[in-house]
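A closer look at the structure
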Amino acid sequence: MSDSSPNPNPDSAQKPPEHGQSRRDFLRTSAVVATGVAALAAALAPLRDLKDFTTVEKFLQKYYKEMTPQDMEKVLDRIRREVEAQYGVRPTVQDLKPMNGVEFVYCLNLTRCIGCRKCVHACVAENNQSRDPEIQYIRVLRMPHGSLDLEKGEHNYDSEQVPEKNYFYMPIQCQQCRNPACVKVCPTKATWQDKDGITVIDYDWCIGCRYCEAACPYFARRFNWTRPTIPKDRLNPNMAYLGNRPRRQGVMEKCHFCIQRTRAGRYPACVEVCPAGARKFGNVLDPESEVSYILRNKRVFIQLKEEVGTSPRFYYYFDV
Amino acid sequence: MNSRSKTSTVLVVLTLGFCFLACSFLLNLWGHPALRAPVPLVDLAFIEPSTARLSAADLIKAKADTSNFECYTCHDKKNPVKIKYDTNEMIILPTEHQDLKMGHGRHNRNNNCFNCHNEKNLESLQTRDGRELKIEESPQLCGSCHGPTFRDWEAGVHGRVSGYWNRAMGGFERKTCPSCHDPHSPKFPPRKPAPGPHALHTAVASSPAEQEHH
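The present account deals with the structure reproduced in this document. Treat the numbers as computed from the prediction; the structure is a model and nothing was measured.

Here we look at the overall build of chain B
- Regarding its fold elements, chain B presents five helices and six strands.
- For chain B, the sequential pattern of α-helices and β-strands runs α-α-β-β-β-β-α-α-β-β-α.
- With the principal axes as the frame, chain B shows a C-alpha extent of 125 × 55 × 35 Å.
- Within the span of chain B, comprising 214 residues, buried residues form 26% of the whole.
- Pairs at least 24 residues apart make up 45% of the contacts formed inside chain B by residues separated by at least 6 positions.

What follows is the structure, given as structure tokens:
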């Protein structure tokens, strides 16, 4: 339309031939079509912002539990390539399996916790969560003394110093339930409970329906609303397939007891950073472990929201 | 002829529509959604797993400067230390030890250096039942009064443990009491908390008036 014919003669003066189009008709039609296609392309401009296209390789990937070790090695290699391309760091990505005779339990001493939130940020650093927007697995609730009413908890406290008078602090994260509601609702079986008690997520199998987020009574699951942003120099290159490898937009994630550390025998990051020694982790099937000692000797008083029947592996206790 | 002109009308309308959409996207007529304020990266001090303080055992292990524990550069071995008290029976610290804050317990029964330090050898410690201990063996000393806490500590339940939960796969480190507690004033010191969570949806610049309104 914009490039109108240079011919000054009106349309009627030209006599169209019987057998086909005139040159003018042809030019006009093609101009219209060209403009239309160009406009359509421009109108689809917002699609330019789409990233993370699924590759054929990724699309044809098998379900985690059906993969052979060779399949898994290929997948791990793909992840290594992807991470290196995006962050410029060659990571060590492993697929760590649960150990025999191990069931993980976590104990948190409410007498000792001072509410400093170091665990929150050590967790973010260890597990490659998005920094902006923030994704954090641990929430620290500041609770008034004399009550365990979670409604009175406040997690945005911004005090000059902690601990404050007349408050105690209650960190909440994934409770690694024995009877996990999130696993029951998952329509794609992208999340399941392993035999060492960790409820894991296969980020490549998650479709982002967020049913699990709705089912969890502890608000422990997080959704990647945007593409996660992690500064290159803060990426933790020690990764596990079911653990802290970088996630993509549109998948769920949550605390997995630092699978990349704990299935290699180490303590989780939150345990090692706690300045008050309030966090204890170990194998409950080992009678010598710290957690067995706590469950035997301490006033373990709560599985959070015991009445909903999820039976957490996360215990809160008091000293004395 | 009629149907043909109809077709071209439809095409023209569509083209104009697309042109409008294209222009609006390219010229950004509708603007971007309001940007969130960027979330600052957390200070690395909140991530590193240091303890509240450094104990003598930590310093010796790190081969750091332990000159603070060499008492006899100032004290004389032949001249036993005499503790001075004021009229309230509170200890008078000499100027060289003014940095100490005496606050062990809510009573003043610890108002005596030699409850823990050994008066016969200032560079060592002593329990009330007369055992002499090296300066880095303080848990034994603390445990001689704080029995249940010592029992917990030995089980790895009181205080910080790092390394491997699976002792067969690697070593672990248990911190000694003075790594967190100042022996002269053992209450765990308060500290500044790390920043709280930043909400996904926060107004960029909400004026104070607006905040009051909410």
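Section: empty space enclosed by the protein
- According to the stated counting rule, one finds six cavities of 30 Å³ or more in the structure shown.
- Size it by volume and the largest cavity reaches roughly 150 Å³.
- Lining the largest cavity are 16 residues, and of these H121, V124, R131 and E134 of chain A together with V42 of chain B sit closest to its centre.
- For the lining of the largest cavity, a count of residues per class yields nine nonpolar, four polar and three charged.
- In this model, the second largest cavity occupies a volume close to 110 Å³.
- In terms of lining, the second largest cavity is formed by 15 residues, of which the most central are C113, C116, C119, C274 and R279 of chain A.

Quick look at the side chain of T15 of chain B
- Tracing the sequence through the fold places T15 of chain B in helix 1 (residues 2-26).
- Taking the relative accessible area as the measure of exposure, T15 of chain B reaches 8% and is therefore buried.
- Discounting chain neighbours no more than four positions away, the residues touching T15 of chain B are V32, T35, G36 and A39 of chain A.

Here we look at the nonpolar core
Residue and element names in this part refer to chain A.
- Counting 69 residues, the largest nonpolar core has I138, M170, Y241, F257, F281 and Y316 as the members making the most contacts within it.
- Secondary structure elements with two or more residues in this core: helix 3 (69-87), strand 2 (104-109), helix 4 (118-127), strand 3 (139-144), strand 4 (167-172), strand 8 (238-240), helix 8 (269-273) and strand 12 (314-318).
- Ranked by residues supplied to this core, first place goes to helix 3 with six residues.
- Residues C206, C212, V251 and M252 belong to the second largest nonpolar core, which totals ten residues.

Thoughts on the interface of chain A and chain B
- Residue-level contacts link 60 residues of chain A with 48 residues of chain B.
- Three residues stand out in chain A for area buried against chain B, namely K118, R234 and Y293 of chain A, and they jointly supply 13% of the buried area on that side.
- On inspection of chain A and its partner chain B, the count reaches four salt bridges.
- A salt bridge links E290 of chain A to R167 of chain B, with the nearest nitrogen and oxygen atoms 3.7 Å apart.
- For the pair chain A and chain B, the number of links is 22 residue pairs in polar contact (both at pLDDT 80 or more).
- Residue assignment for the side of chain A that touches chain B shows that the elements contributing at least two residues are helix 1 (23-43), helix 4, helix 8, strand 10 (279-283) and helix 9 (290-297) of chain A.
- Per-element tally for the side of chain A that touches chain B: the top contributor is helix 1 of chain A, with eight residues.

Each value, and the rule that gives it
Residues numbered from 1 in each chain as written. Chains lettered and ligands numbered in written order. Predicted model: local features only at pLDDT ≥ 70, side-chain atom pairs only at ≥ 80, totals over all residues. Heavy atoms only, no water. Helix = DSSP H or I, 4+ residues; strand = E, 2+ residues; numbered from the N terminus. Buried < 20%, exposed > 50% of the residue type's maximum accessible area, 1.4 Å probe, protein only. Contact = heavy atoms within 4.5 Å. 1 Å grid on protein atoms, 1.4 Å probe; cavity = no way out; pocket = protein on both sides within 12 Å on 5 of 7 lines; lining within 4 Å. Points joined across faces, edges and corners; volume = space filled by probe spheres on them. Nonpolar A, V, L, I, M, F, W, Y, C, P; charged D, E, K, R; others polar. Core = buried A, V, L, I, M, F, W, Y, C linked by side-chain atoms within 4.5 Å. Buried area = accessible area lost by both parts, 1.4 Å probe. Salt bridge = Lys/Arg side-chain N within 4 Å of Asp/Glu carboxyl O. Polar contact = N/O pair within 3.5 Å; in protein donor to acceptor, adjacent residues only side chain to side chain.

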